[in-house]
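Structural features, examined
Each chain, written out:
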Amino acid sequence: MSGVVLGVDVGGTTTKARTIDAAGNVLAEHRVPTPRDDPGAERLTRLVADLAATAATTHPLEAVGLVVPGVVDDDAGVVRDAVNLGWHGVPVRDIARRALDDRGLSVPVAFGHDVRAGALAETSAHDGTHATLTSGAVAFVPVGTGLASALVVDGRVVSGEGWAGEIGQVRLTTGPHTGRRVEEIASAGAVARRTGCPSARAAADLVRSGDPLAVTVWTDCVAVLAEALAWTAAVTGCHTVVVGGGLAETGELLLGPLRTAVAGRLPGLRTPTLVPARHGDAAGAVGAGLLARAAVRPATDEAHAVRTATTDEPRDAAVTQRAVLR
């Protein structure tokens, strides 16, 4: 067995894929535009099959991990609702399996939610360098095309039957942006759109130069995001918030004012530590690879994971996820 798996993270703008060997080494990485106007996910799953076929030309492929945005039922393999992709009740896992079969690749497909997979990657302490993230409550919040979050408690990713973490879909009821959803103000996509820039990175450059419109949009983003994170911290008691996605790559331009704004909203409460994602905007692809890796572990190991999933013993988040793989 080669131990080689493919992790695919479908974003609202870009699909990221990593081919990973048994030791965790990245053998190849691809970033391609996510297909648009694809309500049945047919074009997307053909893209996944193409990426898998490319990976298989150089290494025997043992499994594919596919993670997607929206309200995702991991067990059923169905996307209940994905606003940015126009998916409603789409059985993406089964469609992906058919696309892979059509390319002669009959391998296991591990399916899940992009943000929960990213949280899995960020809190798994395989290298022993981030052990503090394996205990207590940790929130992972990627600020990308849209906005969502995932909560990990003592190594367990909380799914809420697929509904947990959709903070970007909450409607604002006060302030100048009343009526808008949180992610329409606090996301990389929103920042780019509201500044008229091709990307949030370009908008960040304008902020650094002092452009009045860009500064206003950035300030709005920080304020709305801080409100969402403060409520998340107050409800969950998370000691750390890992901020990922494209916007987090601006570093202290985002994290500096965001830390101040979150702290200002939590008087008398524990303020979580805000840290950048160690995997950057590739956290979802890394997590997808972990799910794929779990899919090819021996059946006895899988059965053990299912049994221990009902205990109260802390463990690596990757172990918890094995119980939902089909």
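Scroll up to find the structure this text is about.
Just so it is clear, the structure is predicted and the values come from calculations on it, not from any experiment.

Basis of the calculations
Residues numbered from 1 in each chain as written. Predicted model: local features only at pLDDT ≥ 70, side-chain atom pairs only at ≥ 80, totals over all residues. Heavy atoms only, no water. Pairing = 2+ DSSP bridges. Helix = DSSP H or I, 4+ residues; strand = E, 2+ residues; numbered from the N terminus. Axes fitted to C-alpha atoms, helices over the stretch in contact; angles between N-to-C directions. Expected span 1.5 Å × (residues − 1). Buried < 20%, exposed > 50% of the residue type's maximum accessible area, 1.4 Å probe, protein only. Contact = heavy atoms within 4.5 Å. Parallel < 35°, antiparallel > 145°, perpendicular 65-115°, else oblique. Left-handed = near helix turned anticlockwise from the far one by under 90°. Polar contact = N/O pair within 3.5 Å; in protein donor to acceptor, adjacent residues only side chain to side chain.

Right, let's get into the sheet that holds strand β6 (residues 78-82). Pairing is antiparallel in the open sheet, where three strands are placed in the order β5-β6-β7. Each end of this open sheet is capped by a strand with a single partner; those strands are β5 (71-73) and β7 (87-90). Within this sheet the neighbouring strands show an average axis-to-axis angle of 15°, counted without direction. Bridge analysis of β5 against β6 gives three bridges, and the strand direction is antiparallel. Within β6, the residue paired with V72 across the bridge is V79.

It is worth spelling out helix α8 (residues 252-264) at this point. Each α-helix winds once per 3.6 residues, and so residues spaced three or four apart point in a common direction. The end-to-end C-alpha distance of α8, which contains 13 residues, comes to 17 Å, matching closely the 18 Å that a straight helix rising 1.5 Å per residue would cover. Those residues of α8 that fall on the buried side of the exposure criterion are L254, L255, L258, A261 and V262. Close packing links the buried residues of α8 with α6 (212-236), β12 (240-244), α7 (245-248) and β13 (273-276).

Pairs of packed helices are described in terms of their axes, by the angle between the two and the distance that separates them. Put simply, helix α1 (residues 42-56) and helix α2 (residues 92-102) touch, their axes get as near as 8 Å, and they point 50° apart. In terms of orientation, α1 and α2 fall into the oblique class. Here α1 and α2 pass one another in a crossing that is right-handed. Here E42, T45, R46, A49 and A52 of α1 lie close against α2, whose contacting residues are V92, I95, A96, A99 and L100.

A word on the sheet that holds strand β11 (residues 156-158). Spatial strand order, β11-β10-β9-β12-β13: five strands in an open sheet with mixed pairing. The sheet is open, and its two borders are formed by β11 and β13, each paired with just one other strand. Within the sheet, the average angular offset between the axes of one strand and its neighbour, ignoring direction, is 25°. Of the strand pairs in this sheet, strand β9 (residues 137-142) and β12 are connected by five bridges, and their pairing is parallel. Its bridge partner being in β12, V141 is matched across the sheet by V243. Here α6 sits on the sheet and contacts β9, β10 (150-153), β12 and β13; the angle it forms with β9, its principal contact strand, is near 160°.

It is worth spelling out unusual backbone geometry at this point. Its identity is not glycine, yet D37 carries a phi of approximately 50°, on the positive side. The exposure class assigned to D37 is exposed, which follows from its relative accessible area of 75%.

Quick look at the side chain of T45 now. By secondary structure assignment, the location of T45 is in helix α1. Looking at T45, its side chain comes within polar contact range of the main-chain oxygen of A41, at 2.8 Å.

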